[in-house]
Structures are given as C-alpha cells and as structure tokens.
Amino acid sequence: EGIHVMCMRLPYDVLFAVMDIQAHNDDLCALSSMGQTCHTLHDVSAKPMLGCEIALRDGRDVVSFCRFMQYQGGRYSLLRRRLSISTGRLSAPAVASLLEILGSITHLEYLVLRGADRILGSDIRIPRAFASLTCLKHLEMSLSESADTANCVYMFRAMRSRLVTARLDAPSVVQGLQAGIFPCEIANPISMFRNSASSLIELSGTNLELG
C-alpha cells in the first residue's frame, strides 16, 4: 500500500510570528531559511533580517550581502540597526560591493569597524565613502597594533555624520613607534570630531589621551 503523507499548511500569521521571534533573537540563519521557502516569506523576511545586526566577516560576506540587497530592490532604508565589518583587506570585487553598499545606505545608525585600517586601506575610495555617510549616530573602530592611521584620520576629519557616541581602540604610541608610525592624532582624537562637536556626548576607547 502507498504511504499517505498529510501536509499541514500553517497560517501566514503564525509564520510571521515565528519570524518576529527569530528577529528578536537575531537568528539570521533561521530567518534566511524561512525566507527561502516562498516569495511571500522572502519579501517579509527582509525587514526583520535587516533589523538584526549585520556582520560582514570577509570579502565573500560583503559580495553576498550586496547581491542580497540588489535582489531586495535596494531597500537600504531597512538597514537601520547595526553594521559590523571585520573583513580585513578586501579584494577588488569586495571593494566594488562595499562601495555600492556604502553609497546606498541612508538610515544606518550604528557602525562597527574591526581592524579599520586594513578595511580603509583596501582602496582610497573607501575612507571617502564611509565619511560621506550622514546617518550614523554611533561609531566603534579598532585599529591593528601596527596600524597606518592616515586613512582613519582622513575619515574622521571628513565625516558628515553627527555622532552621539564614538569608541576608538587605537595602537599605543609605543607600538606605533616600533612600527615606524606616529599615531599622535589618533591618540588624541577630540580635534578630529569637529563635525560632531554639538552632538557628541561620549568618546571612549583605549590608548587615547582624552584629558
């Protein structure tokens, strides 16, 4: 005898509620899996997915996220919460994708750059693209121990966003001198945030002279 399999269709309201729980738990993998089951859930999954923290850990993540946003019709206004980038130095295709992402961001409030000197040093256009963002309120950056800080200094000085909080984990002066780099401006960053003078309420970090 044949085996009869009974398929049960869950109401969309139930599925949407499950996706809300996944979004609350920042469960991007589960959201992505549900979003791939049908066109309706794919469209609905975009908003909660972009409401979670987006973490780009390597060049493939950057290219993949850019393609995802293209498939979503470029709905970058949904990207509001937090974008974390820790890719290290980027390849040419990843640079092109990152520039497209940065050129489309309109509402992102929180940006994290891990190993920022390597990311910014991938291409001369990248520091300018980050500096051109106008929506940021919170910025976290960490630099390598032997970082060349020139691109970071440029980005800070040219930033158009009015920051509310900023955190900078910089190399120590001793580490910089050992690497033949003089991170004096980074170590005393207050003057670099002139454009945020009226909005900045918290500036913190490591190896900084904030007195």
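Residues numbered from 1 in each chain as written. Predicted model: local features only at pLDDT ≥ 70, side-chain atom pairs only at ≥ 80, totals over all residues. Heavy atoms only, no water.

Caption draft 1: Structural detail: the packing of aromatic side chains. Evaluation of the coordinates by the stated rule reveals 2 aromatic pairs. On the numbers, 6.4 Å between centres and 25° between planes, the contact of Phe65 with Phe68 is stacked. Here Phe68 and Phe65 lie together in helix H4 (residues 59-71), a separation of 3 residues that amounts to about one turn. Aromatic pair Phe156 and Phe193: ring centres 4.9 Å apart, planes at 45°, arrangement tilted. Here the residue Phe156 occupies a position in helix H8 (residues 150-158), and Phe193 occupies one in the loop between helix H10 (184-187) and strand E6 (202-206), the gap between them amounting to 37 residues. A single burial state applies to Phe156 and to Phe193, both of which are buried. Over the ring of Tyr110 we find Arg82; its NZ or CZ atom is 4.5 Å from the centre of that ring. (Phe/Tyr/Trp six-rings, centres within 6.5 Å; stacked < 30°, edge-to-face > 60°. Helix = DSSP H or I, 4+ residues; strand = E, 2+ residues; numbered from the N terminus. Buried < 20%, exposed > 50% of the residue type's maximum accessible area, 1.4 Å probe, protein only. Lys NZ or Arg CZ within 6 Å of the ring centre and 35° of its normal.)

Caption draft 2: Expanded view of helix H7 (residues 125-132). Those residues of H7 lying buried are Ile126, Pro127, Ala129, Phe130 and Ala131. Buried residues belonging to H7 abut strand E2 (82-85), helix H5 (92-104), strand E3 (110-113), helix H6 (116-120) and H8. (Contact = heavy atoms within 4.5 Å.)

Caption draft 3: Region of the structure containing the confidence of the model for the protein. Averaged over all residues, the pLDDT of the protein is 83; the fraction at 70 or higher stands at 77%. Across residues 1-8, where pLDDT falls below 50, the model places 0 contacts with residues more than four positions away in sequence or in other chains. (pLDDT = per-residue confidence, 0-100.)

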